[in-house]
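Residue strings, one per chain:
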Amino acid sequence: EYNIVRPKGYTVSYHASPEMEKHHFGQTHPMKPWRLTLTKSLVTSYGMPFAMDNYNTRPATYEELKSFHASDYLDYLATAPPEDQPRDIDNPEKAGEVKFNLGGSDCPLFHGLYDYCSMSAGTSVDAARKICNGQSDIAIAWGGGLHHAKRSEASGFCYINDIVLGILQLLRCYPRVLYIDIDVHHGDGVEEAFFSTDRVMTVSFHKYHPDTFFPGTGGLDDNGPKSEHNPGAHHAINVPLNDGITDEQYSWLFESIIGKINEHFRPSAIALQCGADSLAGDRLGRFNLQVQGHGACVEYCKKLGIPMIIFGGGGYTPRNVARAWAHETSIAIGCQNKIPEEIPQHTPWREHFIHDTLFPTLEQILGEPRANRNTPKRLQEIVQHVHEQLRFVGH
Ligand code: TV1
Ligand code: CA
Ligand code: ZN
């Protein structure tokens, strides 16, 4: 009814696993897989599925997970009992044991954990395969983007690093992959996985404070191995930010930095993590970004005309996550100017949106905007530092 048609000359694919969305981390845990259902509901009520190839993806196989993760970690992930089962009372030494960082409050052992993880990874691996074999130009995997997971360790709500699995897949057919991460947290797991290669450049924009904000890494001078003999040197870029950054400042930073990286590194594919916890009003985030500014990053990447996977990630106020990811789906399709701002009347769970627009104002979201602690001078310094790093890259 909104006349949403397939884009001419390119294909967008949407990869999701509806079973994944039914899992629960626990009552008070910030990560709510149900936000993916709310996103799909908005995408569908705008008629966007007509313009995309829609895939219900399969879970990733054990062999696929093993392309990055260690088998002892995967085996424990597959077999560890859910936490609400009674612990072994005959063996008090084992009662509070945490292995591989599994079972703490950030990374609980919940029912169906292994299924949830392999489904999230399946969406990202399938998205990467569609890009590789040329069946898709932009592949969307909102269920992925879990950037903190390590080879043998869960971290920050992430168990399987689906992004690393997706990039490994892309590296089979593309010489260079650019990873961009706009989640409010540092993309430490992806950075670490590709630390020693010059075939992947990682760029993360995030709130940075070494003592008070997770994970505490990703300072301006963290640019990869310090040895010039290591090919990975200068191939990690970090953009550490303070509370309250606005759309205007963020877009300027993003375009100055990604534009320059594109010239020097000349990526053959892009992996873009779109964590929505960088939006204003997020339960864990600290920025003043609006749906428009967050989406402008996706639009800028799309205009580079390079095959791209778009991942989800963080995002802890579900109505804002759904707005941003629905808007970004429309940008991928190229129908962002055809869909009305008003949330369609027939949208399931429409009452969750409170304000009935895709683009609520900062005042609607927050009442009082958060103080902006990013000075123009500091942002200039960051861009300057990144440009200096890039003198060592490419050509
Ligand atoms: C259970 C219940 C867990 C309530 C966790 C916020 C909770 C947090 C909870 C929380 C919370 C974090 C740390 C401290 C490390 C710990 C998907 C020394 C209200 C990609 C992960 C953030 C972000 C982890 C993930 C962080 C992503 N913040 N309430 N936990 N320990 N963990 O600070 O990047 O978005 O907060
Ligand atoms: Ca980030
Ligand atoms: Zn995050």
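Above this text sits the structure in question.
A few points on the structure.

## As for the overall build of the protein chain
Okay, so step 1: When you go through the protein chain residue by residue, the secondary structure sums to twelve helices and eight strands.
Okay, so step 2: In summary, the protein chain has a C-alpha radius of gyration of 20 Å against a globular reference of 21 Å for 395 residues, a match within 12%.
Okay, so step 3: Each principal axis of the C-alpha atoms in the protein chain carries an extent, and together these give about 60 × 60 × 45 Å.
Okay, so step 4: Put simply, the protein chain has 395 residues, and 48% of those count as buried.
Okay, so step 5: Within the protein chain, residue pairs in contact and separated by at least 24 positions form 78% of the contacts whose partners lie at least 6 positions apart.

## Looking at the pairing of strand E5 (residues 200-207)
Every other side chain in a regular strand lies on the same face of the sheet, so the side chains alternate between the two faces.
Okay, so step 1: Most of E5 is tucked away, with eight of its eight residues classed as buried.
Okay, so step 2: Side-chain alternation along E5 places Val200, Thr202, Ser204 and His206 on one buried face and Met201, Val203, Phe205 and Lys207 on a second face that is also buried.
Okay, so step 3: Sheet topology places strand E4 (residues 177-181) next to E5; five bridges connect them, and they run parallel. Residue pairing across strands places leucine 178 opposite methionine 201, the latter belonging to E5.
Okay, so step 4: Crossover connection from E4 via helix H7 (residues 188-193) to parallel E5: handedness right-handed.
Okay, so step 5: The pairing of E5 with strand E6 (residues 236-241) spans six bridges and is classified as parallel.

## So, the site of ligand 1
Okay, so step 1: For ligand 1, the set of nearby residues contains 19 residues, the closest of which are Ser105, Gly156, His185, Phe214 and Gly314.
Okay, so step 2: In terms of residue class, the shell around ligand 1 is built from six nonpolar, ten polar and three charged.

## Focus: the sheet that holds E6
Okay, so step 1: Ordered by their spatial adjacency, eight strands build an open sheet running E2-E1-E3-E8-E7-E4-E5-E6, and the pairing between neighbours is parallel. Strand pairing shows two members of the sheet lacking a second neighbour, strand E2 (53-56) and E6, which therefore form its edges. Averaged over all neighbouring strand pairs, the angle between strand axes comes to 15 degrees, with direction disregarded.
Okay, so step 2: Relative to strand E3 (residues 138-141), strand E1 (residues 12-16) runs parallel, the two being bridged by three bridges. Bridge pairing links valine 12 to isoleucine 138 in E3.
Okay, so step 3: Along the sheet face, helix H10 (residues 318-333) touches E1, E3 and strand E8 (308-311) and points at about 165 degrees away from the line of E3.

Rules and cut-offs
- Residues numbered from 1 in each chain as written.
- Chains lettered and ligands numbered in written order.
- Predicted model: local features only at pLDDT ≥ 70, side-chain atom pairs only at ≥ 80, totals over all residues.
- Helix = DSSP H or I, 4+ residues; strand = E, 2+ residues; numbered from the N terminus.
- Rg over C-alpha atoms; globule rule 2.2 N^0.38 Å.
- Buried ≥ 20, exposed ≤ 12 C-beta atoms within 10 Å, placed from the backbone.
- Contact = placed C-beta atoms within 7 Å.
- Pairing = 2+ DSSP bridges.
- Right-handed = clockwise from strand over helix to strand, strands pointing away.
- Near = placed C-beta within 6 Å.
- Nonpolar A, V, L, I, M, F, W, Y, C, P; charged D, E, K, R; others polar.
- Axes fitted to C-alpha atoms, helices over the stretch in contact; angles between N-to-C directions.

Shape is all these values report; function is a separate question.
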